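# Structure assessment
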Amino acid sequence: MCGRFAITLPNDAMAQLFAAQPANDLPDTPNYNICPTNAVHSVLAGEHGRRLISMRWGFLPHWYKSASDRPLLINARAETLAQKPAFAEACRVRRCLIPATGYYEWTKDPAGKRLPWYFQRSDQAPIAFAGIWQDWGEDPLRTCAIVTTATNNSLGHLHHRLPLMLEPRDWPLWLGEGGKGAATLMQPAPEGQHQFHRVSTKVNSNRAEGCDLIEPFDPASELEADPGDETAQAEQEPRLL
């Protein structure tokens, strides 16, 4: 699953990258520790072209009574996307791109301590996660989830799921600009698409900030101060459907 990510591109650079008209209320960048329920950047296709807008990360099905209802749907499995009542309509007609620079996953050491890793594209290009979105409530709140797939051979030792990262040539198809067939894009990442490194356990706190969160960390070089493992609590709540 993808439970945290980072974005460092300025808003105007994102708008240029995706050839999208930017909204006036976009989240601030850079942000090195984007957490569930935070506002995130999203790219939508429309009658008058693409738009870069803000959405809440945490998909809210129409039957939820409040924005705090559970489970918190931050990810959606590609394999069952079209069958799940929460996502079935969105996967057909409400797909989006969610820009990122990199994202975090966690492993555990023999003592059970959670160890964070930072993932990027191997070519250092910006990431475009495949997403789905839903308007919720009488005063519509636009919400989204990131689509995930099974892992590939090279990353399976770190995590069993990966966020779906789309190539620029595939953006029109996912956004519905290129006709039908978006389901064909929901495949495990090709070998070599990712690079990754260990980072400090500072990012285990959802309150952590700063560019040092994504810097490589050598666990043999010094002892890490444990800020309190808030990631464990954060990942008990979101569900992957």
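Everything in this summary refers to the structure shown in the same document. (Residues numbered from 1 in each chain as written. Predicted model: local features only at pLDDT ≥ 70, side-chain atom pairs only at ≥ 80, totals over all residues. Heavy atoms only, no water.)

### Things to note about the overall build of the protein
- Of regular secondary structure, the protein possesses four helices and 14 strands.
- The C-alpha radius of gyration of the protein comes to 17 Å, within 12% of the 18 Å expected for a compact globule of 241 residues.
- In terms of overall dimensions, the protein has C-alpha extents of about 55 × 40 × 35 Å along its principal axes.
- For the protein, the share of sequence-separated contacts (at least 6 apart) that also reach a separation of at least 24 residues comes to 68%.
- When the accessible surface of the protein is summed, it comes to about 11400 Å², and 50% of that surface belongs to carbon and sulfur atoms. (Helix = DSSP H or I, 4+ residues; strand = E, 2+ residues; numbered from the N terminus. Rg over C-alpha atoms; globule rule 2.2 N^0.38 Å. Contact = heavy atoms within 4.5 Å. Areas by Shrake-Rupley, 256 points an atom, 1.4 Å probe, with all protein chains shown as cover.)

### Looking at the nonpolar core
- Of all hydrophobic cores here, the largest spans 62 residues; its most connected members are Phe 5, Leu 97, Tyr 103, Phe 129, Ile 132, Val 147 and Trp 174.
- If you tally residues by element for this core, the top one is strand 10 (residues 127-136), at seven residues. (Core = buried A, V, L, I, M, F, W, Y, C linked by side-chain atoms within 4.5 Å. Buried < 20%, exposed > 50% of the residue type's maximum accessible area, 1.4 Å probe, protein only.)

### As for the sheet that holds strand 3 (residues 31-34)
- A sheet is described by the order of its strands in space; here five strands give the open sequence 3-1-8-9-13, paired in antiparallel fashion. Where the open sheet ends on each side, the last strands, each with one partner, are strand 3 and strand 13 (194-198). Between one strand axis and the next, the sheet turns through 30 degrees on average, direction left out of account.
- The pairing of strand 9 (residues 114-121) with strand 13 spans five bridges and is classified as antiparallel. Along strand 13, the bridge assignment pairs Arg 121 with His 194. (Pairing = 2+ DSSP bridges. Axes fitted to C-alpha atoms, helices over the stretch in contact; angles between N-to-C directions.)

### Observations regarding the environment of Arg 77
- Relative to the helices and strands, Arg 77 is located in strand 6 (residues 72-77).
- Considering only alpha carbons, one finds Arg 77 and Met 186, 109 residues apart in sequence, at a separation of 9.5 Å.

### Quick notes on the pairing of strand 5 (residues 50-57)
- Counting buried positions along strand 5 gives six out of eight residues, so the element sits mostly inside the fold.
- In the sheet, strand 2 (residues 20-22) pairs with strand 5 via three bridges, with the strands oriented parallel. Bridge pairing in strand 5 places Pro 22 opposite Leu 52.
- Hairpin remark: strand 4 (residues 39-44) followed by strand 5, antiparallel, with five residues in the connecting loop; positive phi at Gly 49, about 110 degrees.
- Where strand 5 and strand 11 (residues 141-150) come together, two bridges link them in parallel fashion. In the sheet register, Trp 57 faces strand 11, and the bridge partner there is Cys 144.

### A word on the packing of aromatic side chains
- Throughout the structure, instances matching the rule amount to 10 aromatic pairs.
- For the pair Phe 18 and Trp 171, a centre-to-centre distance of 4.6 Å together with 35 degrees between the ring planes defines the contact as tilted. With Phe 18 in the loop between helix 1 (11-17) and strand 2 and Trp 171 in helix 3 (residues 171-175), the pair connects residues that are 153 residues apart, well separated along the chain.
- We classify Phe 18 as buried; its relative accessible area is 1%.
- With a centroid separation of 5.1 Å and 15 degrees between ring planes, the pair formed by Tyr 103 and Phe 119 is classed as stacked. One end of the pair, Tyr 103, is in strand 8 (residues 102-108); the other, Phe 119, is in strand 9, with 16 residues separating them in the sequence. There is no split in this pair, since Tyr 103 and Phe 119 are both buried.
- Through a chain of ring-to-ring contacts, three or more aromatic side chains come together here, namely Phe 5, Trp 57, Tyr 103, Trp 117, Phe 119, Phe 129 and Phe 196.
- The ring of Trp 174 has Arg 95 sitting right over it, with the charged end atom 5.5 Å from the ring centre. (Phe/Tyr/Trp six-rings, centres within 6.5 Å; stacked < 30°, edge-to-face > 60°. Lys NZ or Arg CZ within 6 Å of the ring centre and 35° of its normal.)

Read these as spatial facts, not as claims about activity.
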